[in-house]
Amino acid sequence: MENHTNDPTMNVSSLNCIDLTNDDLHNSVLSLKQACLDSGFFYVINHGINEEFMEDVFEQSKKFFALPLDEKMKVLRNEKHRGYTPVLDEILDPENQVNGDHKEGYYIGIEVPKDDPHWDKPFYGPNPWPDSDVLPGWRETMEKYHQEALRISKAIARLLALALDLEVDYFDKTEMLGKPIATMRLLRYQGVSDPSKGIYACGAHSDFGMMTLLATDGVMGLQICKDKNATPQKWEYVPPIKGAFIVNLGDMLERWSNGFFKSTLHRVLGNGQERYSIPFFVEPNHDCLVECLPTCKSESNLPKYPPIKCSAYLTQRYKETHAELSIYHQKT
Ligand code: OGA
Ligand code: NI
């Protein structure tokens, strides 16, 4: 079996590291800006989530995926994109993949009860939760993690605003991160990828939204390609750093910033080891019109992308990448 972690010829990326407790704000913003211009990938450390809690979250995630398939199918993904996604459910790079991604997932969004006036919006609503008798404490752990990750995302967004020459609280508005769409996803990867055969743990893609905070269990697998137009494409591993998030910008922020900030192509290769990760996808409010930011255009640099509404754009991207739910209902 190929062991990617011991391959001396392997390309490894070196990314900037943003320390959220750094008092030198100017320096943090410069370093962040450089990362956003270069690859849109960086590490975030000293974010305030302690290691023990992080281990707890991964333990609970493992417990869920270890359940029998029929138990997991009880919380199958619904039309709000919440719940369990079986192996091969998603295909991120249909041109190069022979079948779907070799991963299972579990989407958890912002819990919006049915008596909330906004509960029926796409990506809002109540989450399905595994039975608390089967997985005691599971929901509480995940809800706490969701809250913490959102807090960190907002702190990063303030630095991003400064890096874009905007007011520090630019993204804090209600129509942006004041009332955001924010979805975490537990993932378990299994199997060995073989790009020459079109088999991937996670096919090449760029993320849909504003930014993603990725926590991983330390198993290598994530790769980025800084220049998608190069032939051949050059893929570099992003090594996990203990206690750090790997943060990447998504396509919405690339559009928002008029292509100034990068949303970089990435993928995951499996090496036979089980791998767990938890991306946390951050998007502005449903109704947010994502159109060129005031600081990213000029007479000689006109907006390159038409404005899009956040929820419509996201809905379309999810539709393109996930199986029709009806296939599961035919099987049962
Ligand atoms: C994703 C993703 C990477 C990983 O879910 O969008 O890129 O390491 N995940 O799981
Ligand atoms: Ni991704």
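Please read these numbers as outputs of a predicted model, since none were measured by experiment.

Structural notes on the coordination of the nickel ion (ligand 2)
Protein coordination at the nickel ion (ligand 2) comes from His205 (NE2), Asp207 (OD) and His266 (NE2), with a distance range of 2.1 Å. Considered as a linear motif, the donors of the nickel ion (ligand 2) on their single chain read H-x1-D-x58-H. Pair noted here: His205 is in strand E6 (residues 202-205) and His266 is in strand E11 (residues 265-268), with a separation of 61 residues, a long-range link.

Things to note about a negative patch on the surface
Where like charges cluster on the molecular surface, the negative patch consists of Glu52, Glu55, Asp56 and Glu59. Considering the arrangement of structural elements, one finds Asp56 in helix H2 (residues 51-65).

Focus on the packing of aromatic side chains
Per the stated rule, a full pass over the model turns up 13 aromatic pairs. Relative to Trp138, the ring of Tyr106 lies with its centre 5.2 Å away and its plane at 75°, an arrangement referred to as edge-to-face. One end of the pair, Tyr106, is in strand E4 (residues 103-108); the other, Trp138, is in helix H4 (residues 138-163), with 32 residues separating them in the sequence. Here the aromatic rings of Phe208 and Tyr318 are separated by 5.5 Å at their centres, their planes lie at 75°, and the arrangement is edge-to-face. Separated by 110 residues along the polypeptide, Phe208 in the loop between E6 and strand E7 (211-216) and Tyr318 in helix H7 (residues 310-321) bring together distant segments of the chain.

Things to note about H2
For H2, with 15 residues, the first-to-last C-alpha span of 21 Å sits near the 21 Å given by 1.5 Å per residue. Residues of H2 that are buried: Phe53, Met54, Val57, Phe58, Gln60, Ser61, Phe64 and Phe65. Considered in projection along H2, the buried side chains sweep an arc of 160° and stay on one side of the axis. Residue Asn50 occupies the N-cap position of H2, its side-chain oxygen lying 3.1 Å from the main-chain nitrogen of Glu52.

Looking at the nonpolar core
Core analysis: the largest hydrophobic core is formed by 88 residues, its most contacted members being Phe42, Tyr145, Leu160 and Phe171. Per-element accounting of this core gives the leading share, twelve residues, to H4. Once residues lying within four places of it in the same chain are set aside, the contact partners of Phe42 are Leu15, Asn16, Ile18, Leu32, Ala35, Cys36, Ile156, Phe245, Ile246, Val247 and Leu249. Of all hydrophobic cores here, the second largest spans five residues; its members include Met10, Tyr200, Met220 and Leu269.

Overview of the sheet that holds strand E9 (residues 236-237)
One open sheet accounts for four strands, arranged E6-E11-E8-E9; its pairing is antiparallel. Because the sheet does not close on itself, it has two edges, and the strands there are E6 and E9. Direction of pairing for strand E8 (residues 222-225) relative to E9: antiparallel, over a ladder of two bridges. Residue pairing for E9: Gln223 is matched across the bridge by Tyr237.

Focus on the site of ligand 1
Around ligand 1 sit Leu187, Tyr189, His205, Asp207, Leu214, His266, Val268, Arg275, Ser277, Pro279 and Phe281, and those are all the residues in its vicinity. Contact between ligand 1 and Asp207: an oxygen atom at 3.2 Å from a side-chain N or O atom of the residue. Across the complex, the protein chains shield 96% of the 290 Å² of accessible surface that ligand 1 would expose by itself. Put simply, the parts of the chain that give the shell around ligand 1 at least two residues each are strand E5 (181-189), E11 and strand E12 (275-283). For the shell around ligand 1, the class distribution of residues is six nonpolar, three polar and two charged.

A look at the packing of H2 against H4
Following both chains from N to C, one finds H2 and H4 inclined at 130°, their axes separated by 10 Å at the closest point. One way to sum up the angle between H2 and H4 is to call them oblique. Judged by the sense of rotation from one axis to the other, the crossing of H2 with H4 is left-handed. Of the residues in H4, those touching H2 at Phe53, Met54, Asp56, Val57, Gln60, Ser61 and Phe64 are Trp138, Thr141, Met142, Lys144 and Tyr145. Of the residues assigned to the contact of H2 with H4, the class counts are seven nonpolar, three polar and two charged.

Focus on the UniProt feature "domain: Fe2OG dioxygenase" (unreviewed entry) in the protein chain
Residues annotated by UniProt as "domain: Fe2OG dioxygenase" (unreviewed entry) correspond here to residues 180-284. Within the segment residues 180-284, helix and strand shares are 6% and 41% respectively, and the terminal C-alpha atoms sit 5 Å apart.

Examining H4
In a regular helix each residue adds 1.5 Å, so 26 residues correspond to 38 Å; H4 covers 37 Å between its end C-alpha atoms and thus fits that length. Once H4 finishes, Asp165 follows within two positions and takes phi at roughly 60°, a positive value.

With respect to the confidence of the model for the protein chain
Interpretation of this model should avoid reading the predicted coordinates in detail wherever pLDDT is low. A residue-level look at the protein chain finds 96% of positions with pLDDT of 70 or above and a mean pLDDT of 94. Predicted confidence for residues 1-5 stays below pLDDT 50, and this span has twelve contacts to residues more than four positions away or in other chains.

Criteria and thresholds
Residues numbered from 1 in each chain as written. Chains lettered and ligands numbered in written order. Predicted model: local features only at pLDDT ≥ 70, side-chain atom pairs only at ≥ 80, totals over all residues. Heavy atoms only, no water. Donors = N, O, S within 2.8 Å, 3.2 Å for Na, K, Ca; no water. Helix = DSSP H or I, 4+ residues; strand = E, 2+ residues; numbered from the N terminus. Patch = residues over 30% accessible without salt bridge, like charges linked within 9 Å, V, L, I, M, F, W, Y side chains within 5 Å. Areas by Shrake-Rupley, 256 points an atom, 1.4 Å probe, with all protein chains shown as cover. Salt bridge = Lys/Arg side-chain N within 4 Å of Asp/Glu carboxyl O. Lys, Arg positive; Asp, Glu negative; His and termini not counted. Charge placed at Lys NZ, Arg CZ, Asp CG, Glu CD. Phe/Tyr/Trp six-rings, centres within 6.5 Å; stacked < 30°, edge-to-face > 60°. Expected span 1.5 Å × (residues − 1). Buried < 20%, exposed > 50% of the residue type's maximum accessible area, 1.4 Å probe, protein only. Arc of directions from axis to C-beta. Polar contact = N/O pair within 3.5 Å; in protein donor to acceptor, adjacent residues only side chain to side chain. Core = buried A, V, L, I, M, F, W, Y, C linked by side-chain atoms within 4.5 Å. Contact = heavy atoms within 4.5 Å. Pairing = 2+ DSSP bridges. Near = heavy atom within 4 Å. Nonpolar A, V, L, I, M, F, W, Y, C, P; charged D, E, K, R; others polar. Axes fitted to C-alpha atoms, helices over the stretch in contact; angles between N-to-C directions. Parallel < 35°, antiparallel > 145°, perpendicular 65-115°, else oblique. Left-handed = near helix turned anticlockwise from the far one by under 90°. UniProt positions renumbered as here; feature names shortened; annotations may be inferred. pLDDT = per-residue confidence, 0-100.

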